[in-house]
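# Geometric and topological summary
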Amino acid sequence: MTGQLIAGGSKDRHTRITFYFSDGSMLFYNDQRRFGQLRVVAQLDEVKHFNILGPEPFSKDFTPAFMREAFQKTIRPIKNVLLDHTFVAGIGNIYACEILFRSRLSPKRPARRISLADAKVLHQYIIEVLKEAIAHRGSSMRNYRDGSGEKGRFNERLSVYAREDEPCPRCQKPIQRIVQAGRSTFYCGHCQK
Ligand SMILES: [Zn+2]
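First things first, this report covers the structure right here in the doc. (Residues numbered from 1 in each chain as written. Predicted model: local features only at pLDDT ≥ 70, side-chain atom pairs only at ≥ 80, totals over all residues. Heavy atoms only, no water.)

## Quick notes on the coordination of the zinc ion
Only Cys-168 (SG), Cys-171 (SG), Cys-188 (SG) and Cys-191 (SG) from the protein reach the zinc ion as donors, at distances of 2.3 Å. Viewed at the metal, the 4 donor atoms of the zinc ion are separated by angles of 99 to 124 degrees, and the geometry they form is tetrahedral. Read from N- to C-terminus, the donor residues coordinating the zinc ion fall into the pattern C-x2-C-x16-C-x2-C. A residue pair is termed long-range when its members are at least 10 positions apart, and Cys-168 in the loop between α5 (116-135) and β4 (176-180) and Cys-188 in the segment after β5 (183-187) qualify at 20 residues. You can call Cys-168 buried: its relative accessible area is 0%. A relative accessible area of 0% places Cys-188 in the buried class. (Donors = N, O, S within 2.8 Å, 3.2 Å for Na, K, Ca; no water. Tetrahedral: all angles 85-135°; square planar, octahedral: opposite > 155°, others 65-115°. Helix = DSSP H or I, 4+ residues; strand = E, 2+ residues; numbered from the N terminus. Buried < 20%, exposed > 50% of the residue type's maximum accessible area, 1.4 Å probe, protein only.)

The structure is reproduced here in structure tokens:
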């Protein structure tokens, strides 16, 4: 939430931690809202927050079959499950909206009603959207910066996120906004079923 790790450059007024490297370079941890933590541990699984994480989206454990099995165990809508980091690590709200749009799946569809064929489509677009976002350095909605301090440009490619009432790029019907589990969901009620 608005934290930044920036290599090089100089301190700003939100820099909380500076790492000094032996080659003279520096890494700044900027955290305006002070939500971050720094912990020094021998093993990552000593930290509870990492211990409960689901697989990484790019790992071999994250497959359509894995997804479908996890979906069967919940009564929640698919959008909420995609955002649940105990299911899969690291899909944020912007990307969950874009992934569901490309997959033509309604964010309100109960996860247990996702077929294996749907899960294959969903898996394909999870990988595609995340790869594109990484290639475009993420999405700078507010003050997000990547590790070299540059703004991400993926937000210019968003189809539905933060586009309430704008025409759907696929069917031209207006994009809708709803709130699910306290987060804004943007979707097309016409072509996402
Ligand atoms: Zn549409």
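## Considering helix α2 (residues 64-71)
An α-helical turn contains 3.6 residues, so a residue and the one three or four places further along point in the same direction. Of the residues making up α2, those classed as buried are Pro-64, Met-67, Ala-70 and Phe-71. Projection of α2 onto a plane perpendicular to its axis shows the buried side chains occupying an angular sector of 130 degrees, all on one side. Lining the buried residues of α2 we find α3 (78-82) and α5. (Arc of directions from axis to C-beta. Contact = heavy atoms within 4.5 Å.)

## What about the sheet that holds strand β2 (residues 15-20)?
Across a sheet, paired strands are connected by hydrogen bonds in the backbone, their directions being either parallel or antiparallel. Within the open sheet, the 3 strands sit side by side as β1-β3-β2. Their pairing is antiparallel. With one partner strand each, in any of the chains shown, β1 (3-7) and β2 form the two edges of the open sheet. The mean inter-strand angle of the sheet, taken between neighbouring strand axes irrespective of direction, is 15 degrees. Of the pairings in the sheet, the one linking β1 to strand β3 (residues 26-31) comprises 5 bridges and is antiparallel in character. (Pairing = 2+ DSSP bridges. Axes fitted to C-alpha atoms, helices over the stretch in contact; angles between N-to-C directions.)

## Notes on the packing of aromatic side chains
Across all of its chains, the model carries 5 aromatic pairs by this definition. Look at Phe-62 and Phe-87: their rings are 6.0 Å apart centre to centre, the planes differ by 70 degrees, and that puts the pair in the edge-to-face class. Of this pair, Phe-62 sits in the loop between α1 (48-51) and α2 while Phe-87 sits in the loop between α3 and α4 (93-103), and the two are 25 residues apart along the sequence. Accessibility classification places Phe-62 together with Phe-87 in one group, the buried group. Ring plane angle 15 degrees and centroid distance 6.0 Å describe the contact between Phe-66 and Phe-87, whose orientation is recorded as stacked. Here the residue Phe-66 occupies a position in helix α2, and Phe-87 occupies one in the loop between α3 and α4, the gap between them amounting to 21 residues. For Phe-66, a relative accessible area of 28% corresponds to the partly exposed category. An aromatic cluster is built from Phe-62, Phe-66, Phe-71 and Phe-87, whose rings are joined through pairwise contacts. Above the ring of Phe-101, the side-chain terminus of Arg-170 is found at 4.0 Å from the ring centroid. (Phe/Tyr/Trp six-rings, centres within 6.5 Å; stacked < 30°, edge-to-face > 60°. Lys NZ or Arg CZ within 6 Å of the ring centre and 35° of its normal.)

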